[in-house]
Every structure is written in structure tokens, then in C-alpha cells.
Amino acid sequence: METEVKTKTTTGAHTMAQNLDGSPTMAEQKQPEVKMSASQLNLWYGDTQALYDINLDMYSKEVTALIGPSGCGKSTFLRCLNRMNDLIPQVRLQGDVTLDGEDIYDHSVDVVQLRTFIGMVFQKPNPFPKSIYENIAYAPRLHGTGTSRSELDDLVESSLKRAGLWNEVADRLDTPGTELSGGQQQRLCIARAIAVNPEVILMDEPASALDPLATATVEALIHELKDNYTIVIVTHNLQQAARVAGYTAFFHMGKVVEFNDTDTLFTNPKEQRTEDYITGRFG
Amino acid sequence: MQRRLTGSANDPRIKARYRGERRFKAYTVTALFVAFAIIVAFFTDIISQGYSAFYRTEINVTLDYNERAERIGRFALAEDMREIVSRGAVRSIPLDIRNNPELAGTTRQEWVPTYSRVDQYFKGNEELPPEMAAQVEELKEAGVIRTTFNWAFFTSGDSKLPELAGIFSAMVGSIFVLFVTLIFAFPIGVMSAIYLEEFAPDNKLTQLIEVNINNLAAVPSIIFGLLGLAVFINTFGAPRSSAVVGGLTLGLMTLPIIIISTRAALRAVPDPIRLGAFAMGCSRWQVVRDHVLPLSLPGILTGTIIGLAQAMGETAPLIIVGMIAYIPEAPGSIFESATVLPAQIFTWASEPRKAFVEKTAAGIIVLLAVLLTLNAAAVFLRRKFERRW
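These numbers were taken from a predicted model, which means no experiment stands behind them.

## Brief notes about the overall build of chain A
When helices and strands are tallied, chain A shows 12 helices and 10 strands. For chain A, with 283 residues in total, the buried portion stands at 46%.

Okay, here's the thing in C-alpha cells:
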């Protein structure tokens, strides 16, 4: 099993060099670094198995898209990565998920601590019903990473700037986050996740509740965030996966059918099922 | 052009439909009207019977602190006044003289309450013997009889003399009882609800607890009275008739209401808020403290106030624990014998004397006013602090 994972990693590196938009850094053929990795991951909701033997690597400072038809387990898998599935009582899990080689399901792991390393953005924007400022300052204050007022002010500003929201809200940080438009709310949620200074950001269909214009803004944002964070994004929108992700995994019936760099997966899929899905024959 | 949309006035099916609709509307309007008429009739009846208790008839008499009055207060009055003035008004004269010997031998003019039957006569509720009626009419002509606002109704406790009876001791008793109920039921109820809603695993045991809490809310209140009697008085030896026993008994009754309404308020907080907070690295307690509780607090308080309002109007369990006693003096602590507003109303309602009819109605008016105020406070809290998301 270990070897299988390793092989996959090298394949990824190999193809990546050919495919990433000819950007100069890629020409160096740098070995992509595995940030998170799942191996032989099985998951059950009660008696129903939802994930089968998932082996998947997510590379550092890359966007990995998880695509597949509804109910294929991609969101379930995403929630395994920051242990959000712990909140569902009937869930049973087997296998390993690692962050920088550390098993996140180890008994000694503090879930709360783990989630400060792995942020999450949800399908429907869910800002807290507090002010914009409080939405962002809340977690740093809680985790003690920002204590003084000026520190928090700086953090709020830099997080909002990184989320591309600062210019729109700078003069009304006291208004409730829930009064922003849908797209702004989602960017606020991203800013909120960034404020904790995570290494990985998980996104569960972050643009599916947004209009096309807001979607474009969020996609552009994801593209920028890639420089600093490892991003795993679940999406229904194949074009979106093609636009934002360097790597794509196709899930079907709780299994990873195919994983490759995005261009190869979309232009030259190895599996018939992948081809059927991306050409719209099912799903 | 053929008109197809106006419906033929002669089409029997359309006519029947309109008729059915009109009839159904008439039923609903009638039902509403009946309900409204009953409420209006109820309020009119209570207010028309009770408003007269808020004023009383007083008479200006000469009090003569003579030697006989040092032993029996009534002798301070002129002989023809003794039947007209309230016995309670002169009862304390011997004590007054003992406490203040300078009074002995002096006289003074004072407004004192009249005997309840005279009071009722002027309120048109009761007849007097003819010669007595003539006498009081004469006094009224002479200007020595007046009507004033009955402050005593709010400042004195129960009395066997209706002209002196008031709701003060029952009010104090009610406040003590509600205080104990709140202190007991609020923290336990809210904490239980938070545990069940936010922390407890969903298994057979918690389901069993949930079903039982819902059943408890439907248990007749008198059963809680028996439980209170058995547990608080017989087992723990808490003083009978006291506010602490009554409060704890009502607390048992209010507990399921608070738990259920708190759980409803917690459940109304959308899950994405919780998930968002968990994903930020909040522990369960931090999620509850910083996100769920602030959002559900108005709902929790509203439910608590409504539970307390219900407890305030409750009589049956309090009768069982002895809070129906005759309490002329307001209790000084929660361990002293006390009565509550509805129990006071019950006591007065069982009095045969005419003068207590208006006291009963007035007691109901005060109780209703307090309950309406509590409910209005609940509505206000919900409107003011309810947040949308």
C-alpha cells in the first residue's frame, strides 16, 4: 500500500512538469511535496460504507479538486481531512490520514488544535451573526494568536485584504457579516479561515451558492491563495475544477476512480468512467 | 369574443363553490367572534365586580382616648359610630396608648375605614337595615363620609375583616415562591437542555430521557404537589407552607417547560453556525458559549418567563404543600409560612361574606395584570433581541 502511494506521488510530479501552464517555476521540475495524504481510508455511516480504500495525496501549495456525481463521497472525504466527521456520531473510520506525515487520527491529536492547521469553507456562506470585524477577530482571540487591539486590527485588515474583501468593507467593519452579499459573505468566510493562519484550506463547493460573477471572484481568490496554502476543493462544476485546480481526483461510488493532474485527467482520462463523467454521459 | 374566464353565473358547480366558500368563511368568523365575546364577557365581568375594591369608604370620626379605650378600642368612638366604623380601625388603640402614654385623655379627628357592610352599601352591593341606612346617608350629607383610593388593598395582608384585607402578603409570597422556582429551575433546566442538545450522544438512554421530560410537562400539576409534599416536607423536613417548599414544588413543574423551550431555542440556531465555529478550531464548550448561547438566549429567556408565568398562576400543587393558609403578615423569609396570589384568590372566593366578592375579583385583576406583564416582557425580549441570519 505504501508503495502504491509513493508511485502515485512520482507520477504526479512527472506529469505536473508538463502541464502547469508553462510557468517558470514549474520548469524547474520541482518535486511536489505531499502535504496531506490518505491511505486505505474506509468510512462507514452506521452500516453503510461511504468510502472504500481511498488513497490520495494532496500536494503542498497546490489546489486539489475532488469531482464526482452527488453522493460519491467527495464531501465525506473532505470532512475526514479536518475530522469534521467526528461530529457525526455513527461514523466509523479505518485507515490513515496524515498532515506532514503526522497521523491526524492518532489518539494524542487534539482535534481543536488540528483544525487550526486545517481551515474549512462551507458550501453555504456561514458568517457568524456578529460584525465583520468580530467574524475575523474571533478565532485569533480564542486561540491567543492575536491579543492586543492593534494586533487584531492588523490581522483583520490583512485577512480581508488576502480575501480580496478589504476595499469593499473597510469603512463598515462594524456591520454584521450577515448583511453582506452572498459572494462577499463567502469571501468573509475565507478571510475568517485565513485569520487562523492555517496550512490547508478545505472548501466544500464554495461557489455553488453564488452567482457567476461572485463565483469568478472567488475562483480568482482561490488561485491567489494557492501561493500560500494547500487547498482541497470539492466542486460539482467541472469547468471550475479545470480553472482552479492543479490536480483533480474523480470520485465515484465512494472510490477514487482516477487521480491525476487536472489537464491529463480532463484531456486524457485513463478510466472509461472518468471519461463518461467529464463528457457528461452520467452524473 | 368569447369570454371564458368570467365563469357563468348560472353554472351550478361554480355557484356551489362560492356558497361553500362563503359558508366556511362564516364559520371561521363566528368561531373567532365567539372566542372574542367570551374574553370580553370575562374581562367585563371581572373588572365590573372588582374595580370597586380599589377604593373604599372612609368616615371622619372623633377618637377619644379615654380610660375605657385603654382596654377596648371601640370605646374611643361615640356610641352611634361603633357599628359604622371598621372594628379593625380602632383595634390598635389600647396598644397605641400603651406605647404612647401622652395620648391618654386626648381626642382627635381622623379618617378611618368604615365597616365593610357600610362600604358595600355605598358601592351598591349590599343593603343595610333601614335605620342604619338612614344614619349613614345623613352622615354622607354632612360630608363626614368620603371615598378614597384603597391603598390598604396593596399594602396590607389578608384579614378576616374584608375592609382591611389586602394582597400584600400574597404578593410577597408569590415573589418569594417565584424567586425560589427561578433559582432552582432555571440553571438546572438550561444546563440539562444544553447537555441534551449540544453534548449528549443520540442513543437509547438520551431518547428515553427526552420522552420522559416531554411526559413530565404533561403531568397534572397536583401530582407535583404530592411529590413536593413527599420529598421536600416529609423527607427533607422543609417547613410546611413556606415559600421554599412551594417554590421547589413549582420548580419541579417548571423544569420540563424550561428544558423543552431551551432545547427548542438551541435547535433554532442553524447548524452551519456550529460547523463554522468547529472548523475554526472551537471546542464544544466554546461553540456553545460564544455562538449558540448568545443566539438562543432570547428564546431561552422567553421560555423561562412563560414557564414562570404558568407557575405563578398555579394553585393546586401549592394547596397540597399547605400554601393555602391564612397569612395576614407578609413572610420575612422563604422559610416562613406564606401564601400566593392565586391561593389568596381561592381563599377569598370561598368566603361567604359579600364584601369578599369584590376582593376576589380584584385579586384576579392583579394576577392577570402581573401575568400579562410577564408575557409582554417575554414578547418584548423575543422581538428586541431575536437575531436573524
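## What about the overall build of chain B?
For chain B, the count of helices and strands is 15 helices and three strands. Relative to the compact-globule value of 21 Å for 389 residues, chain B shows a C-alpha radius of gyration of 30 Å, a clear excess of over 25%. Projected onto its principal axes, the C-alpha positions of chain B cover 95 × 75 × 35 Å. Counting all 389 residues of chain B, 39% fall into the buried class.

## Some details on the pairing of strand β7 (residues 200-204) of chain A
Both faces of the sheet carry side chains from a regular strand, because those side chains alternate between them. Residue and element names in this part refer to chain A. The element β7 is largely enclosed, with a buried count of five among its five residues. In β7, alternate side chains face the same way, and those of Val200, Leu202 and Asp204 on one face and Ile201 and Met203 on the other are all buried. Where strand β6 (residues 118-121) and β7 come together, four bridges link them in parallel fashion. From the neighbouring strand, Met120 faces β7, where its bridge partner is Leu202. For β7 and strand β8 (residues 230-234), the ladder comprises five bridges, and the chain directions are parallel. For Val200, the partnering residue across the bridge sits in β8 and is Thr230. Crossover handedness for the path β7 to helix α9 (residues 212-225) to β8: right-handed.

## Re the environment of Arg284(B)
Residue and element names in this part refer to chain B. Mapping Arg284 onto the fold places it in helix α12 (residues 284-312). By C-beta crowding, Arg284 is classed as partly exposed, having 16 other C-beta atoms within 10 Å. Distance in space between the C-alpha atoms of Arg284 and Phe199 is 7.7 Å, their sequence separation being 85 residues. Excluding residues that lie within four positions of it along the chain, Arg284 makes contacts with Glu198 and Phe199.

## Details of the sheet that holds strand β2 (residues 48-59) of chain A
All names here are of chain A. Spatially, four strands are ordered β2-β1-β4-β5 in an open sheet, and the strand pairing comes out antiparallel. Looking at which strands have only one partner, the edges of the open sheet turn out to be β2 and β5 (102-103). Note: strand β1 (residues 34-45) against β2, eight bridges, orientation antiparallel. The partner of Met36 across the bridge, within β2, is Met58.

## What to know about unusual backbone geometry
Residue and element names in this part refer to chain A. In the Ramachandran plot, Asp100 falls in the positive-phi region, its phi being about 50° despite a non-glycine side chain. As for its placement among the helices and strands, Asp100 is situated in the loop between β4 (91-99) and β5. Judged by the 14 C-beta atoms lying within 10 Å of it, Asp100 falls in the partly exposed class. One non-glycine residue, Glu205, lies in positive phi territory at about 45°. Tracing the backbone through its elements, the reader meets Glu205 in the loop between β7 and α9.

## Points about the interface of chain A and chain B
Taken together, the contacts link 20 residues of chain A with 17 residues of chain B. Listing elements by their share of the side of chain A that touches chain B, those giving two or more residues are α4 (111-117), β6 and α5 (132-143) of chain A. In terms of residue class, the side of chain A that touches chain B is made up of 11 nonpolar, six polar and three charged.

## Here we look at the sheet that holds strand β3 (residues 145-149) of chain B
All names here are of chain B. Spatial ordering of the open sheet is given by β2-β1-β3, a layout of three strands whose pairing is antiparallel. Either end of the sheet is taken by a strand with one partner, and the two such strands are β2 (107-113) and β3. Neighbour-to-neighbour, the strand axes of this sheet turn through a mean angle of 35°, independent of strand direction. Note: strand β1 (residues 55-64) against β2, seven bridges, orientation antiparallel. Following the sheet pairing, Thr62 is matched in β2 by Gln109.

## Brief notes about the confidence of the model for chain A
All names here are of chain A. When the pLDDT values of chain A are averaged, the result is 86; 89% of them are 70 or greater. Averaged pLDDT values over the elements of chain A bottom out at 40 in helix α1 (residues 2-19) and peak at 95 in β8. Predicted confidence is poor over residues 1-29, with pLDDT under 50, and the contacts of this stretch with residues over four places away or in other chains come to 32 contacts.

## Section: the domain arrangement of chain B
One can read the domain layout of chain B as domain 1 (57-148) and domain 2 (168-385). Each of domain 1 of chain B and domain 2 of chain B was reduced to a C-alpha centroid, and the two centroids are 45 Å apart.

## Description of the confidence of the model for chain B
Residues and elements named next belong to chain B. On average, chain B scores 90 in pLDDT, and the residues at 70 or more come to 98%. By mean pLDDT, helix α2 (residues 87-90) is the weakest element of chain B at 86, and helix α7 (residues 168-199) is the strongest at 95. Taken together, the chains of this predicted complex give a pTM of 0.82 and an interface ipTM of 0.83.

## What to know about the nonpolar core
Side chains of a nonpolar character, in soluble globular proteins, are inclined to be buried together. Ranked by size, the top nonpolar core spans 146 residues in total, and within it Leu66(A), Ala191(A), Ile201(A), Leu202(A), Ile231(A), Val232(A) and Ile233(A) carry the most contacts. Each residue touching Leu66(A), except ones within four places of it in the same chain, is listed here: Lys74(A), Phe77(A), Leu78(A), Val232(A), Val234(A), Ala249(A) and Phe251(A). Leu77(B), Ile84(B), Ile93(B) and Val136(B) belong to the second-largest nonpolar core, a separate cluster that totals 18 residues.

## Looking at the packing of helix α9 (residues 221-235) of chain B against helix α10 (residues 243-267) of chain B
Residues and elements named next belong to chain B. Viewed as axis vectors pointing N to C, α9 and α10 meet at an angle of 130°, and their least axial separation amounts to 9 Å. Taken together, the axes of α9 and α10 are oblique relative to one another. Like other packed secondary-structure pairs, α9 and α10 cross with a definite hand, here right-handed. On α10, the residues touching Ser221, Phe224, Gly225, Leu227, Gly228, Phe232 and Ile233 of α9 are Val245, Leu248, Thr249, Leu252 and Met253. In terms of residue class, the contact of α9 with α10 is made up of eight nonpolar, four polar and no charged.

## What to know about α9(B)
Residues and elements named next belong to chain B. Here α9 is 15 residues long and its end C-alpha atoms lie 20 Å apart, about the 21 Å a rise of 1.5 Å per residue gives. At Gly228, α9 is bent by approximately 25°, the largest bend along its length. For α9, the set of buried residues is Phe224, Gly225, Gly228, Phe232 and Ile233. The inward-facing, buried residues of α9 contact α10 and α13 (316-320).

## Topic: the environment of Thr62(B)
All names here are of chain B. Considering the arrangement of structural elements, one finds Thr62 in strand β1. In sequence terms Thr62 and Tyr27 are 35 residues apart; their C-alpha atoms lie 65 Å from each other. Dropping the residues within four chain positions of it, Thr62 is found in contact with Ala78, Thr107 and Gln109.

## Brief notes about the packing of α5(A) against helix α8 (residues 182-195) of chain A
All names here are of chain A. One can describe the packing of α5 onto α8 by two numbers: an axis separation of 8 Å at closest approach and a directional angle of 25°. Taken together, the axes of α5 and α8 are roughly parallel relative to one another. The hand of the α5/α8 crossing is right-handed. For the pair formed by α5 and α8, the contact residues are Ile132, Asn135, Ile136, Ala139 and Pro140 on the first element and Leu188, Ala191, Arg192 and Ala195 on the second. When its residues are assigned to classes, the contact of α5 with α8 shows seven nonpolar, one polar and one charged.

Rules used in this analysis
Residues numbered from 1 in each chain as written. Chains lettered and ligands numbered in written order. Predicted model: local features only at pLDDT ≥ 70, side-chain atom pairs only at ≥ 80, totals over all residues. Helix = DSSP H or I, 4+ residues; strand = E, 2+ residues; numbered from the N terminus. Buried ≥ 20, exposed ≤ 12 C-beta atoms within 10 Å, placed from the backbone. Rg over C-alpha atoms; globule rule 2.2 N^0.38 Å. Pairing = 2+ DSSP bridges. Right-handed = clockwise from strand over helix to strand, strands pointing away. Contact = placed C-beta atoms within 7 Å. Nonpolar A, V, L, I, M, F, W, Y, C, P; charged D, E, K, R; others polar. Axes fitted to C-alpha atoms, helices over the stretch in contact; angles between N-to-C directions. pLDDT = per-residue confidence, 0-100. Domains from an automatic or database assignment. Core = buried A, V, L, I, M, F, W, Y, C linked by C-beta atoms within 7 Å. Parallel < 35°, antiparallel > 145°, perpendicular 65-115°, else oblique. Left-handed = near helix turned anticlockwise from the far one by under 90°. Expected span 1.5 Å × (residues − 1). Bend = angle between axes of the 7 residues up to and from the residue.

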